[in-house]
Amino acid sequence: MTTMTQGAAQVELAVGGMTCASCAARIEKKLNRMDGVEATVNYATEKAKVTFADDIAVEDLIATVEATGYSARRPAPPRHDVEGAAAGPSDDEQADEALRPLRQRLVTAVVLAVPVIAMAMVPALQIEYWQWLSLTLAAPVVTYAAWPFHRAAVTNARHGAATMDTLISVGTGAAFLWSLWALFLGTAGTPGMTHPFEFTIARSDGSGNIYLEAAAGVTAFILAGRYFEARSKRKAGAALRALLELGAKEVTLLRGGLEVTVPTAELRVGDRFLVRPGEKIATDGTVVEGSSAVDASMLTGESVPVEVSAGDAVTGATLNAGGRLVVEATRIGADTQLARMAELVEDAQNGKAAAQRLADRISAVFVPVVIGLALATLGFWLGSGAGLTAAFTTAVAVLIIACPCALGLATPTALMVGTGRGAQLGILIKGPEVLETTRKVDTVVLDKTGTVTTGRMTLVGVHTAGNTDEKEVLRLAGALEHASEHPVARAVAAGAAAEAGALPTPEDFAGIPGLGVQGVVEGHAVLVGREKLLTEWAMGLPEPLRRAKDDAEKAGRTAVVVAWDGEARAVLEVADAVKETSPEAVRRLRALGLTPILLTGDNRAVAESVAAEVGIDEVIAEVMPEDKVAVVKRLQEEGHSVAMVGDGVNDAAALARADLGLAMGTGSDAAIEAGDLTLVRGDLRAAADAIRLSRKTLGTIRSNLFWAFAYNVAALPLAAAGLLSPMIAGAAMAFSSVFVVGNSLRLRGFRAAG
């Protein structure tokens, strides 16, 4: 996809071959060194977004990426799969296809490495030719299963870089090659040779030591970590699919007086199409016939359905909640508001800084230091006259002990336990990158509709005049509204049924577009709707009801007037009610050091009323989806680390743009996919729990990473002194792994706040 801006072009490239966040940083650095080029590379989405001068060809950009050791291509255009018939493999099938080789390598490594480790650690299993059986089992692990690490290490070496892949490749390679030397040229291949179970710190004959369990175990552990990371990464981009799938799949066109159902992709600007009650509007257009209420809350955040009639604009993917409409298409395909929102989400995702993994940052220094230490050890022992075998043994021991197998478990075990505990509490965490931002977040932006509020119209107040009985008002008004499909009418009918019990059946009923309903109930001529409906029947509102109506509208609520037998009797208040748990949730978020801000597309009066009820001081109202992204961006530019909580399609781009996106699981698929954390229950209190759990999980990962290195670093002096036995090497590997797993399991005790 290439777009032009003034004096520059922009292209999005699909990048292949990245194995860690430092790969993305290296590609970004190389691209940005080109004159007239600005690039951001996202490891999670495997895309590079590049803005470049007109005199640069896209092929030059691709060549630069390839020269860095990776592949690049223009991404395939998105398929608009209207009727569900795939033009090729689905996104899920492609993701599974990409994961299959990694899964095969992992299974191979685990199945073969377990007996190798068992034989090395348990002397009872060391049969006469156990060392040769170990070699037979370990060889496929170190060659086939570990091949991605070796390939990445070679690529890194060609460009003068070192990452964890380098350390894994060098460590496992050294352990395997030394074991081969010891077996074929040393004494380790002697039948009956054993590694006794003892922790002896003494110089040993290197020709009798094999380290196959270290080579196979490290490979298996780290492949497991990579596999779990890849599984969390595969969801990147699902927000875009969810957005594109949100629209109507088919549309009923009006051609020559006939109704013809066709796929939405066949719509053209100027076509007229029919939208029945309960159907989605197929594309952006203008109403030419009919009137109705359109529920646009998923796009605009407005909790009250919008009344539309001939001449009014409507947006694709919104829901026709009332009468029959005929709409003339004004925008189709990539020009629609829905498509523009999908583009906003993609821009926001690609603009997110790739999380620099702590292990990679450490390895950038750790790997060269270890290799330098190994060479220095070799030189020292050769210089001291210890002989080639002893000198080489100590140098290899340094490389072996420096390769921390627990590193492969550090992130995935904590993530698995943390995400598992989160799932039990209704919190879904998408991946390790998410956790790194939770520690820094200081501002939480809350969407109103469906997040702080229920997202449903609810009867919240009844005001009567004179001696009118409240239950009678509800029975008569509810009976008429029950026959209407309008969302406000449904709210009145539901509230009336809950308060007044079974509702009578109207003897006569008529809907008046844009005004309300009228009919006969139990012998009374009843009107329910706007004040204008009463005016047409020459009725006015008495002063108490006038005040109640004005107060309701000032608070941003919908006022419904009820009259019968020629007299106004009551005013009903309908609104999107605040969730009972929202005030407590806001208090908990403040307790975590976060400043809450209410952000909504709804009108200011409604927003301020809701904010006052839940205890939020700052309100930003009447914003469109692209404005929500701009608000988040502005807060970030002011130095804030922003969390965003939302549930609608209109929140998806802002969720993706925010440092931390929390999506309500009761909301749209687009919002859920764009968010970093999903709150399954739809309870805002879970947002505070999610941030607490994420911070605790991140802390566990950091302590795991520390100890994964610490045990091995502590043994480095022993290795350099030539005092490291195979048993100590194996014990350091096993103990650091057990510690990491045990530390991670502590997350199972996490409790939601009471």
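Quick notes on the rules
- Residues numbered from 1 in each chain as written.
- Predicted model: local features only at pLDDT ≥ 70, side-chain atom pairs only at ≥ 80, totals over all residues.
- Heavy atoms only, no water.
- UniProt positions renumbered as here; feature names shortened; annotations may be inferred.
- Helix = DSSP H or I, 4+ residues; strand = E, 2+ residues; numbered from the N terminus.
- Buried < 20%, exposed > 50% of the residue type's maximum accessible area, 1.4 Å probe, protein only.
- Contact = heavy atoms within 4.5 Å.
- Expected span 1.5 Å × (residues − 1).
- Phe/Tyr/Trp six-rings, centres within 6.5 Å; stacked < 30°, edge-to-face > 60°.
- Lys NZ or Arg CZ within 6 Å of the ring centre and 35° of its normal.
- Pairing = 2+ DSSP bridges.
- Axes fitted to C-alpha atoms, helices over the stretch in contact; angles between N-to-C directions.
- Parallel < 35°, antiparallel > 145°, perpendicular 65-115°, else oblique.
- Core = buried A, V, L, I, M, F, W, Y, C linked by side-chain atoms within 4.5 Å.
- Patch = residues over 30% accessible without salt bridge, like charges linked within 9 Å, V, L, I, M, F, W, Y side chains within 5 Å.
- Areas by Shrake-Rupley, 256 points an atom, 1.4 Å probe, with all protein chains shown as cover.
- Salt bridge = Lys/Arg side-chain N within 4 Å of Asp/Glu carboxyl O.
- Polar contact = N/O pair within 3.5 Å; in protein donor to acceptor, adjacent residues only side chain to side chain.
- pLDDT = per-residue confidence, 0-100.

- Naming follows an unreviewed UniProt entry, where the protein appears as Cu+-exporting ATPase of Streptomyces clavifer.
- Word for word, the UniProt comment on the protein under Subcellular location (unreviewed entry) is "Cell membrane".
- Listed in UniProt under the heading Sequence similarities (unreviewed entry), the comment for the protein reads: "Belongs to the cation transport ATPase (P-type) (TC 3.A.3) family. Type IB subfamily."

1. Some words on the overall build of the protein
Right, on to step 1. A tally of regular secondary structure across the protein gives 26 helices and 27 strands.
Right, on to step 2. Looking at the protein as a whole, 53% of its 754 residues are labelled buried.
Right, on to step 3. Within the protein, counting contacts between residues at least 6 apart in sequence, those at least 24 apart form 70% of the total.

2. Thoughts on unusual backbone geometry
Right, on to step 1. Although it is not a glycine, Asp 565 sits at a positive phi angle of roughly 55 degrees.
Right, on to step 2. As for its position among the elements, Asp 565 is in the loop between strand 21 (558-564) and strand 22 (567-578).
Right, on to step 3. Backbone geometry places Glu 622, a non-glycine residue, at a positive phi of 55 degrees.
Right, on to step 4. With respect to the helices and strands, Glu 622 occurs in the loop between strand 24 (618-620) and helix 22 (625-637).
Right, on to step 5. A relative accessible area of 52% places Glu 622 in the exposed class.

3. Examining helix 5 (residues 147-158)
Right, on to step 1. With twelve residues, helix 5 extends 17 Å from end C-alpha to end C-alpha; this agrees with the ideal 16 Å at 1.5 Å per step.
Right, on to step 2. Looking at helix 5, one finds that the buried residues are Pro 148, Phe 149, His 150, Ala 152, Ala 153, Thr 155 and Asn 156.
Right, on to step 3. Gly 160 sits one or two positions beyond helix 5 and adopts a positive phi of about 65 degrees.

4. Points about the packing of aromatic side chains
The description of two aromatic rings rests on the distance between their centres and on the angle between their planes.
Right, on to step 1. Following the criterion strictly, the structure yields five aromatic pairs and no others.
Right, on to step 2. Note on Trp 178 and Trp 181: the rings are 4.8 Å apart at their centroids and 20 degrees apart in plane angle, and the pair reads as stacked. Of this pair, Trp 178 and Trp 181 both sit in helix 6 (residues 164-184), three residues apart, roughly one helical turn.
Right, on to step 3. Take Trp 181: its relative accessible area is 28%, and that puts it in the partly exposed class.
Right, on to step 4. Ring plane angle 80 degrees and centroid distance 5.0 Å describe the contact between Phe 706 and Trp 707, whose orientation is recorded as edge-to-face.
Right, on to step 5. The class for Phe 706 is exposed, based on a relative accessible area of 52%.
Right, on to step 6. Site record: aromatic cluster; members linked through ring pairs are Phe 706, Trp 707 and Phe 739.
Right, on to step 7. Over the ring of Tyr 144 we find Arg 105, and its NZ or CZ is 4.8 Å from the ring centre.

5. A few points about the sheet that holds strand 12 (residues 313-314)
Right, on to step 1. Pairing is antiparallel in the open sheet, where six strands are placed in the order 7-6-8-14-9-12. If you trace the sheet from one side to the other, it starts and ends with strand 7 (258-263) and strand 12, each paired once.
Right, on to step 2. Here strand 9 (residues 285-289) runs beside strand 14 (residues 325-329); their pairing, made up of four bridges, is antiparallel. Across the sheet, Glu 289 pairs through a bridge with Val 326, a residue of strand 14.

6. With respect to the packing of helix 4 (residues 130-145) against helix 5
Right, on to step 1. Running from amino to carboxyl end, helix 4 crosses helix 5 at an angle of 45 degrees, the nearest separation of the two axes being 5 Å. One way to sum up the angle between helix 4 and helix 5 is to call them oblique. Each of Val 142, Thr 143, Tyr 144 and Ala 145 in helix 4 lies in contact with helix 5, whose residues at this interface are Trp 147, Pro 148 and His 150.

7. A closer look at helix 19 (residues 543-554)
Right, on to step 1. Spanning twelve residues, helix 19 covers 16 Å between terminal C-alpha atoms, matching the ideal 16 Å at 1.5 Å per step.
Right, on to step 2. Packed against the buried residues of helix 19 are strand 17 (453-464), helix 18 (531-536), strand 21 and strand 22.
Right, on to step 3. Count one or two residues on from helix 19 and you reach Gly 556, which has phi positive near 80 degrees.

8. Regarding the sheet that holds strand 10 (residues 292-295)
Right, on to step 1. The strand order across the open sheet formed by three strands is 11-10-13, and the pairing between neighbours is antiparallel. Because the sheet does not close on itself, it has two edges, and the strands there are strand 11 (306-308) and strand 13 (319-320).
Right, on to step 2. The pairing of strand 10 with strand 13 spans two bridges and is antiparallel. By the bridge assignment for strand 13, Val 294 is matched with Asn 320.

9. Some remarks on the nonpolar core
Right, on to step 1. Among the nonpolar cores identified, the biggest contains 54 residues, and Ile 210, Leu 212 and Leu 223 are the most heavily contacted of them.
Right, on to step 2. Secondary-structure elements contributing two or more residues to this core are helix 3 (91-121), helix 4, helix 6, helix 7 (212-233), helix 11 (358-383), helix 12 (388-402) and helix 25 (685-720).
Right, on to step 3. Here this core takes ten residues from helix 7, the largest share from any one element.

10. Observations regarding the environment of Val 632
Right, on to step 1. Note on placement: Val 632 falls in helix 22.
Right, on to step 2. Considering only alpha carbons, one finds Val 632 and Leu 655, 23 residues apart in sequence, at a separation of 9.0 Å.
Right, on to step 3. Ignoring anything within four residues of it in the chain, the contact list for Val 632 reads Val 642, Ala 654, Arg 657 and Ala 658.

11. Some thoughts on a nonpolar patch on the surface
Right, on to step 1. Nonpolar side chains collect at one region of the surface, where Leu 382, Leu 388 and Phe 392 lie side by side and expose about 290 Å² of accessible area between them.
Right, on to step 2. Tracing the sequence through the fold places Leu 388 in helix 12.

12. With respect to the UniProt feature "transmembrane region" (unreviewed entry) in the protein
Right, on to step 1. The UniProt feature table records "transmembrane region" (unreviewed entry) at residues 106-123, 129-147, 167-190, 210-228, 362-382, 388-411, 704-721 and 727-745.
Right, on to step 2. Secondary structure content for residues 106-123 is 89% helix and 0% strand, while the C-alpha to C-alpha distance between its ends is 27 Å.
Right, on to step 3. Structurally, residues 704-721 comprises 94% helix and 0% strand, and the distance from its first C-alpha atom to its last is 27 Å.

13. Re the pattern of salt bridges
Should their charged atoms come close, side chains of opposite charge can pair.
Right, on to step 1. A full pass over the atoms with the stated rule returns 22 salt bridges.
Right, on to step 2. Across the salt bridge formed by Arg 546 and Glu 531, the nearest N and O atoms sit 2.4 Å from each other. Taken as a pair, Arg 546 in helix 19 and Glu 531 in helix 18 lie far apart in primary sequence, 15 residues in all.
Right, on to step 3. The class of Arg 546 is partly exposed, set by a relative accessible area of 26%.
Right, on to step 4. Notably, a salt bridge pairs Glu 573 with Arg 557, separated by 3.0 Å at the nearest N-O pair. Taken together, the positions of Glu 573 in strand 22 and Arg 557 in the loop between helix 19 and strand 21 put the pair 16 residues apart, joining distant regions of the chain.
Right, on to step 5. Since its relative accessible area comes to 29%, Arg 557 is described here as partly exposed.
Right, on to step 6. Where salt bridges share partners, they join Glu 531, Arg 546, Lys 549 and Glu 553 into one cluster.

14. Brief notes about the side chain of Thr 283
Right, on to step 1. Mapped onto the elements, Thr 283 comes out in the loop between strand 8 (272-275) and strand 9.
Right, on to step 2. A distance of 2.5 Å separates a polar atom in the side chain of Thr 283 from the backbone oxygen of Arg 331.
Right, on to step 3. If sequence neighbours within four positions are ignored, Thr 283 has contacts with Leu 267, Phe 273, Val 314, Thr 315, Gly 316, Ala 329, Arg 331, Ile 332 and Thr 336.

15. Regarding the confidence of the model for the protein
Right, on to step 1. Confidence in the prediction for the protein averages 79 pLDDT; 82% of positions are at 70 or higher.
Right, on to step 2. Contacts for the low-pLDDT stretch residues 351-356, under 50 throughout, to residues beyond four places or in other chains number 15 contacts.

16. Notes on the packing of helix 20 (residues 582-591) against helix 25
Right, on to step 1. Two elements in contact, helix 20 and helix 25, have axes whose closest approach is 7 Å; the angle formed by their N-to-C orientations is 25 degrees. Classified by the interaxial angle, the pair formed by helix 20 and helix 25 is roughly parallel. For the pair helix 20 and helix 25, the contacting residues are Glu 584, Ala 585, Arg 588 and Leu 589 in the first and Arg 685, Ala 687, Ala 688, Asp 689 and Ile 691 in the second.

17. Comments concerning the side chain of Ser 582
Right, on to step 1. Tracing the backbone through its elements, the reader meets Ser 582 in helix 20.
Right, on to step 2. For Ser 582, the side chain forms a polar contact with the main-chain oxygen of Val 452, separated by 2.7 Å.
Right, on to step 3. When neighbours within four sequence positions are excluded, Ser 582 is seen to be in contact with Thr 451, Val 452, Val 614 and Leu 684.

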